[in-house]
Amino acid sequence: FIVGQYQQANDLMVDALQRFPDSSDLGAIAVELPITEFGDIEKARLIYQSIKPNTGDAYVAITVTLAYLERNFEAVIETLHQPEVVEFYAMYPGLLHIERGQMHQFLGQKEQAVHEFNEAVKLLVPIDMSQDAFNLAFDLSQLAMAKALLGDDEKAVELAREAMQTLPIEKDPIDGPLIHSTAVYVLALAGDREFALKEIERLLHTPGGYKPWYLKLDPHWDFLREDEQFSQLIEPNLNK
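**Description of the packing of aromatic side chains**
1) Next: A full pass over the atoms with the stated rule returns 11 aromatic pairs.
2) Next: Both rings, one in Tyr-48 and one in Tyr-59, keep their centres 5.4 Å apart while their planes meet at 15°; by these two values the pair is stacked. Of this pair, Tyr-48 sits in helix H3 (residues 41–48) while Tyr-59 sits in helix H4 (residues 57–69), and the two are 11 residues apart along the sequence.
3) Next: Judged by its relative accessible area of 8%, Tyr-59 is buried.
4) Next: With a centroid separation of 5.6 Å and 90° between ring planes, the pair formed by Tyr-210 and Trp-221 is classed as edge-to-face. Placement of the pair is Tyr-210 in the loop between helix H12 (193–204) and helix H13 (212–217) and Trp-221 in the loop between H13 and helix H14 (228–234), with a sequence separation of 11 residues.

**Thoughts on the packing of helix H7 (residues 93–106) against helix H8 (residues 110–124)**
1) Next: At a closest axis distance of 8 Å, the pairing of H7 and H8 adopts a crossing angle of 165°. On the basis of the axis angle, H7 is roughly antiparallel to H8. When you trace H7 past H8, the crossing you get is left-handed. From H7, Pro-93, Gly-94, His-97, Ile-98, Arg-100, Gly-101, Gln-102, His-104 and Gln-105 reach across to H8, where they touch Gln-112, Ala-113, Glu-116, Phe-117, Glu-119, Ala-120 and Leu-123.
2) Next: Counted by class, the contact of H7 with H8 contains six nonpolar, seven polar and three charged residues.

**Regarding the nonpolar core**
1) Next: Core analysis: the largest hydrophobic core is formed by 74 residues, its most contacted members being Ile-200, Tyr-210, Leu-215, Trp-221 and Phe-230.
2) Next: Beyond its immediate chain neighbours, meaning those up to four positions away, Leu-215 contacts Ile-200, Leu-204, Tyr-210, Trp-221, Arg-225, Phe-230 and Ile-234.
3) Next: Ala-9, Met-13, Leu-26 and Leu-33 belong to the second largest nonpolar core, which has seven residues in total.

**Quick word on the pattern of salt bridges**
1) Next: Under the defined criterion, the tally for this structure stands at 11 salt bridges.
2) Next: The partner of Glu-170 in a salt bridge is Arg-202, and the shortest N-O contact between them spans 3.8 Å. One end of the pair, Glu-170, is in the loop between helix H10 (153–166) and helix H11 (176–189); the other, Arg-202, is in helix H12, with 32 residues separating them in the sequence.
3) Next: The class for Arg-202 is partly exposed, based on a relative accessible area of 31%.
4) Next: As a salt-bridge pair, Asp-222 and Arg-225 come within 3.0 Å of each other at their nearest N and O atoms.

**Considering H3**
1) Next: Residues Ile-41, Ala-44 and Tyr-48 constitute the buried set of H3. Angular distribution of buried residues about the axis of H3 spans 55°; they occupy a single face of the element. Opposite the buried face of H3, by more than 90 degrees, sit the exposed residues Glu-42 and Leu-46.
2) Next: Tucked into the core, H3 has its buried residues touching helix H2 (24–38), H4 and H13.
3) Next: The N-capping residue of H3, defined by a side-chain oxygen 3.4 Å from the backbone nitrogen of Glu-42, is Asp-40.

**Here's the deal with the packing of H8 against helix H9 (residues 133–149)**
1) Next: The interhelical angle for the contact between H8 and H9, taken along N-to-C directions, is 145°, at an axis separation of 9 Å. Where H8 crosses over H9, the two elements pack in a sense that is left-handed. Two secondary-structure elements touch here, H8 through Phe-117, Ala-120, Val-121 and Leu-124 and H9 through Asp-139, Gln-142, Leu-143, Ala-146, Lys-147 and Leu-149.
2) Next: For the contact of H8 with H9, the class distribution of residues is seven nonpolar, one polar and two charged.

**Thoughts on a nonpolar patch on the surface**
1) Next: Among the surface-exposed residues, Ile-2, Val-3 and Ile-174 lie close enough to one another that they form a single nonpolar patch of about 290 Å² accessible area.
2) Next: Residue placement: Val-3 occurs in the segment before helix H1 (6–19).

Rules and cut-offs
- Per chain, residues are indexed from 1 in the order of the written sequence.
- Two thresholds apply to this predicted model, a pLDDT of at least 70 for residue-level local features and 80 or more for giving and counting side-chain atom pairs, whereas whole-chain, interface and lining totals are computed over all residues.
- With hydrogens and water set aside, each side-chain value is computed from the structure's full complement of heavy atoms.
- Two rings belonging to Phe, Tyr or Trp (six-membered ring only in the last case) form a pair when the distance between their centres is within 6.5 Å. Interplanar angles under 30 degrees mark stacking, angles over 60 mark edge-to-face geometry, and anything in between is tilted.
- Strands are runs of DSSP state E lasting at least two residues, helices are runs of H or I lasting at least four, and both sets are numbered from the N terminus onward.
- Between buried and exposed lies partly exposed: a residue is buried under 20% and exposed over 50% of the maximum accessible area for its type, with that area taken using a 1.4 Å probe on protein chains only.
- Axis definition: a line fit to C-alpha positions, over the contact stretch in the case of helices; interaxial angles, taken between N-to-C directions, run 0 to 180 degrees.
- When describing relative orientation, an angle under 35 degrees is termed roughly parallel and one over 145 degrees roughly antiparallel, while 65 to 115 degrees is termed roughly perpendicular and anything else oblique.
- Here a crossing is called left-handed whenever its near helix is offset anticlockwise from the far helix by less than a right angle, and right-handed whenever the offset is clockwise.
- Any two residues having at least one pair of non-hydrogen atoms within 4.5 Å are treated as being in contact.
- Just so you know the grouping, Ala, Val, Leu, Ile, Met, Phe, Trp, Tyr, Cys and Pro go in nonpolar, Asp, Glu, Lys and Arg go in charged, and all remaining residues, Gly too, go in polar.
- Remark: nonpolar core denotes a set of buried residues (Ala, Val, Leu, Ile, Met, Phe, Trp, Tyr, Cys) joined through side-chain atoms within 4.5 Å.
- By definition, a salt bridge exists where a carboxyl oxygen of Asp or Glu is found within 4 Å of a side-chain nitrogen of Lys or Arg.
- Note that the arc is defined by the directions from the helix axis to the C-beta atoms.
- For the purposes of these results, a polar contact is taken to be a pair of N or O atoms within 3.5 Å, where, inside protein, one atom must be able to donate a hydrogen and its partner to accept one; residues adjacent in sequence count only when each atom of the pair is a side-chain atom.
- For patches, a residue must show more than 30% relative accessible area and have no salt bridge; joins then use 9 Å for like charges and 5 Å for nonpolar side chains, namely Val, Leu, Ile, Met, Phe, Trp and Tyr.
- With residues, only the protein chains shown are counted as cover, and all accessible areas are computed by Shrake-Rupley using a 1.4 Å probe.

Laid out in structure tokens, this is it:
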């Protein structure tokens, strides 16, 4: 899945689900495959409805992701307030508030959005600089996101670049792309568009980086929809 070998991933998934039909984590990964390979949200929803609910990482993540790809922002907010989901986000509470805030933002609920973004900042500051590289980079990228969403573009760019430097992809090819994907989104959001577009192109060809169909469908990227260069990066890669 990470390296883009979707047919092989699908074959493995079919076999795995035959062996472990009640595994919600395997089922959640199965939901992602038709989205990532074909942008097929309807098929993904059908697969999702066949999965036994649980509070595992993969299931919670796809529950939120699928709803916002369907642009059902009210459903995402409802999910993000469920006690078991709040507990799921316990290690990264800043992320919970950022995601809630963005859903409110999409719904035009500015006051609620700003409240959530400020709550994220309160939880993230001061950043524990003694953390391991991944957690430090993660916190830097999340604080960068919150700052960008609050309009503090200069600080957002500074933090995003620091996050990328803290965990280079060359140093960590698994978690590095996750950090860089968030940081590059922040850079684009905060106005450092030329550099962000170059990084988007790189991450589209990096294992674990951006998936073309997600960039095409994800509401988070709506602010770049009118950018011709952004479209030119995505469209040729959709059906590869």
